[in-house]
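Chain by chain, the residues:
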Amino acid sequence: MSSLFRFNGTGNARTVPVWGCVCAACERARRDSSYCRGACCAVLETDTYRLLIDAGQPDLCQRYAPADISAIMLTHYHMDHVMGLFHLRWGKNCEIPVHGPDDPQGCDDLFKHPGVLKFQAPLRPFEARRLGPFEVTALPLNHSKPTLGYLFHNWTDGSDGRRLAYLTDTLGLPADTKGFLMANQPDVMILDCSHPPRPDPRNHNDLTIALGLIDAIQPEQAFLTHIGHELDEYLMNRPSLPANVRIAQDGQVLDLSAASAS
């Protein structure tokens, strides 16, 4: 039984195209929807288990039937990563486990009025949990709210299968997280890269930092996500990236049995 990873959204909080912007990247996205970027989120699934990674899409109730969502993992509680929960929670006849970092403030009144959302005990740094066919290890990140990345182990073939690291939102990596990933090298690394090279990146990686982390950790494949329109415009005229680095696109699917993209 194979497992698939899907980029449901690859944009930063502004998404692409940015409302009112006439830069080359935003105009390209208006002409060709394949260049549009929604709120950054993903899904990891097998034939019998579907794990949502973040919930920033406001139309989750239309995308999924209640039985389609096995669990949700949140990287953090900024609105562009949890917006879809505000409608989803008022559903009926289901319960959805929600895992995430220790953030007592959360977002607005989600904790006070969770509805069908069953918030689990917060994940501790480097804690591992078994969710369906996946083992998930929580990795601390550098952001303006408590934020976790995740290392997913694929156990669907009955062995310690491929490792996928999902690392957004972050500026660089804490030393302990970087060391853990170097010791437990992921086959696929999905990394925040919101900006083109800049002198003072804040809260999110620029391209220089992202490529430096990929070079240090050496995954077989790396995909950049949480992308802003300025980075898209910069990349329109940039020479090719390193051979193992790709720019993620909304709807792109990775087959973790082969770490291939389609």
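See the structure shown above.
None of the values given here were measured: they were computed from a predicted structure.

(A) Geometry of the overall build of the protein chain. What the protein chain contains, in helices and strands, is seven helices and 15 strands. Here the C-alpha radius of gyration of the protein chain, 17 Å, is about what a compact globule of 262 residues would show, namely 18 Å. Referenced to the eigenvectors of the C-alpha coordinate spread, the extents of the protein chain come out at roughly 50 × 45 × 35 Å. Burial status across the protein chain gives 54% buried among its 262 residues. Summarising the internal contacts of the protein chain: among those between residues at least 6 apart in sequence, 62% fall at separations of at least 24. Entry remark: accessible area of the protein chain is about 11300 Å², with carbon and sulfur atoms responsible for 50%. In the protein chain, 23 positive and 30 negative side-chain charges are present, and the distance between their average locations comes to 3 Å.

(B) The packing of helix α1 (residues 24-31) against helix α7 (residues 229-236), seen in detail. Where α1 contacts α7, the axes come no closer than 7 Å and their chain directions differ by 90°. With respect to α7, the element α1 is oriented roughly perpendicular. Where α1 abuts α7, its residues Ala 24, Ala 25, Cys 26 and Arg 28 lie against His 229, Asp 232, Glu 233 and Met 236. Of the residues in the contact of α1 with α7, the class split is four nonpolar, one polar and three charged.

(C) Structural context of the pattern of salt bridges. Counted according to the given criterion, the structure contains 11 salt bridges. The salt bridge partner of Asp 103 is Lys 145, with a shortest N-O separation of 3.0 Å. Taken as a pair, Asp 103 in the loop between β5 (96-99) and β6 (117-119) and Lys 145 in the loop between β8 (134-140) and β9 (148-154) lie far apart in primary sequence, 42 residues in all. Across the pair, exposure class does not vary: Asp 103 and Lys 145 are buried alike. A salt bridge links Arg 162 to Glu 220, with the nearest nitrogen and oxygen atoms 3.0 Å apart. Of the two residues, Arg 162 is situated in the loop between β9 and β10 (163-167) and Glu 220 in the loop between α6 (207-217) and β12 (221-225); the sequence distance between them amounts to 58 residues. Glu 220 sits in the partly exposed class, given a relative accessible area of 46%.

(D) Spotlight on α1. Taken as a whole, α1 has its buried residues at Ala 25, Cys 26, Arg 28 and Ala 29. Taken end-on, α1 shows its buried residues confined to a sector of 160°, consistent with a single buried face. Contacts made by the buried residues of α1 are with α7.

(E) Spotlight on the side chain of Thr 10. Relative to the helices and strands, Thr 10 is located in the loop between β1 (4-9) and α1. Taking relative accessible area as the criterion, Thr 10 reaches 0% and is therefore assigned buried. There is a polar contact of 2.6 Å between the side chain of Thr 10 and the side chain of Asp 250. Beyond its immediate sequence surroundings of up to four residues, Thr 10 is in contact with Arg 37, Gly 38, Ala 39, Cys 40, Thr 225, His 226, Ile 227, Ala 248, Gln 249 and Asp 250.

(F) Expanded view of the sheet that holds β8. As summarised here, the arrangement of the seven strands in space is β7-β8-β9-β10-β11-β12-β13, forming an open sheet in which the pairing is mixed. Unpaired on one side and paired on the other, β7 (128-131) and β13 (245-247) mark the two borders of the sheet. Neighbour to neighbour, the strand axes of the sheet diverge by 20° on average, direction disregarded.

(G) Spatial organisation of the packing of helix α5 (residues 175-183) against α6. In contact at an axis separation of 9 Å, α5 and α6 are set at 45° when each is read in the N-to-C sense. Classified by the angle their axes make, α5 and α6 are oblique. Across the interface between the two elements, Lys 178, Leu 181 and Met 182 of α5 pack against Leu 213, Ala 216 and Ile 217 of α6. Classifying every residue of the contact of α5 with α6 gives five nonpolar, no polar and one charged.

Quick notes on the rules
Residues numbered from 1 in each chain as written. Predicted model: local features only at pLDDT ≥ 70, side-chain atom pairs only at ≥ 80, totals over all residues. Heavy atoms only, no water. Helix = DSSP H or I, 4+ residues; strand = E, 2+ residues; numbered from the N terminus. Rg over C-alpha atoms; globule rule 2.2 N^0.38 Å. Buried < 20%, exposed > 50% of the residue type's maximum accessible area, 1.4 Å probe, protein only. Contact = heavy atoms within 4.5 Å. Areas by Shrake-Rupley, 256 points an atom, 1.4 Å probe, with all protein chains shown as cover. Lys, Arg positive; Asp, Glu negative; His and termini not counted. Charge placed at Lys NZ, Arg CZ, Asp CG, Glu CD. Axes fitted to C-alpha atoms, helices over the stretch in contact; angles between N-to-C directions. Parallel < 35°, antiparallel > 145°, perpendicular 65-115°, else oblique. Nonpolar A, V, L, I, M, F, W, Y, C, P; charged D, E, K, R; others polar. Salt bridge = Lys/Arg side-chain N within 4 Å of Asp/Glu carboxyl O. Arc of directions from axis to C-beta. Polar contact = N/O pair within 3.5 Å; in protein donor to acceptor, adjacent residues only side chain to side chain. Pairing = 2+ DSSP bridges.

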